[in-house]
Amino acid sequence: MSWIDLAGLTGLLPESRTRLDALRQTRIPQGTALFHPGDAAQGFLVVLSGRVEVFLTGPTGREILLYAVEPGQSCVQTTLGLMGGEDYTGEAIAATDVTAVIIPKATFLRLMDESATFRGFVFTAFATRMQSMMHLLERVAFQRVESRLASTLIAMASQDEVTATQAELATRIGSAREVVSRRLDQFARRGWVRTDRGRVHLLNPAALRRVAAADSAD
């Protein structure tokens, strides 16, 4: 099966399909930086397997996870860079080993002009990504820190255990490590979690789910 079908680009005209089919799949090792702030977008990344995480770093050095790119999803910063000429403001890191195809800028722009199917693919993925970023903004602006932390712990847990440092959890919820540390201490005193170095054990997931459902602002 062609990577085009895996990416959800079925329906392309033969000429466009041939142009894309000629592109090779690329394997990107975990931990590889795909772009940094100030870089110019060189191509459109189509993730076939794995996960790429995009971070924004503030003046103080604190990071926030803007979004992750998984199969069928897009990188909004890359789309803006290719179409509007804007340099990257964030940094992308391969969170796992990734298999992807990179569509060169010239090919991307040509397909955007010539192929309604390709335009639909790009704009649909872009709209979905923008919606998820709006949800992130809402959570950071209006949801309590403990609610965001509890929700993230539930989402990341495997067999009631989360493997992540406090700094990584802070990045995911848009807060500071010190704040996450205090909230985890509160959870531990209530008997909801137990913390080890780089791990959080969920002792009362039901209580965390109740906290995660809260949406009142601090």
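Criteria and cut-off values
- Residues numbered from 1 in each chain as written.
- Predicted model: local features only at pLDDT ≥ 70, side-chain atom pairs only at ≥ 80, totals over all residues.
- Heavy atoms only, no water.
- UniProt positions renumbered as here; feature names shortened; annotations may be inferred.
- Helix = DSSP H or I, 4+ residues; strand = E, 2+ residues; numbered from the N terminus.
- Pairing = 2+ DSSP bridges.
- Axes fitted to C-alpha atoms, helices over the stretch in contact; angles between N-to-C directions.

1. A few points about the UniProt feature "domain: HTH crp-type" (unreviewed entry) in the protein
So, point 1. Under the local residue numbering, the UniProt record ascribes the feature "domain: HTH crp-type" (unreviewed entry) to residues 143–206.
So, point 2. Secondary structure content for residues 143–206 is 55% helix and 17% strand, while the C-alpha to C-alpha distance between its ends is 19 Å.

2. Side note on the pairing of strand β10 (residues 199–202)
So, point 1. Across three bridges, strand β8 (residues 161–163) lies against β10 in antiparallel orientation. Residue pairing in the sheet places V162 in a bridge with V200 of β10.
So, point 2. Two elements, strand β9 (residues 193–196) and β10, share four bridges in a ladder whose sense is antiparallel. Of the residues in β10, the one forming a bridge with D196 is R199.

3. Thoughts on the sheet that holds strand β7 (residues 98–104)
So, point 1. In spatial order, the strands read β1-β7-β3; together these three strands make up an open sheet with antiparallel pairing. On the outer flanks of this sheet lie β1 (25–28) and β3 (43–49), each paired with one strand and no other. Taking the axes of each pair of neighbouring strands and ignoring which way they run, one obtains an average angle of 40 degrees across the sheet.
So, point 2. Summarising the sheet, β1 and β7 pair through four bridges and their orientation is antiparallel. Its bridge partner being in β7, I28 is matched across the sheet by V98.

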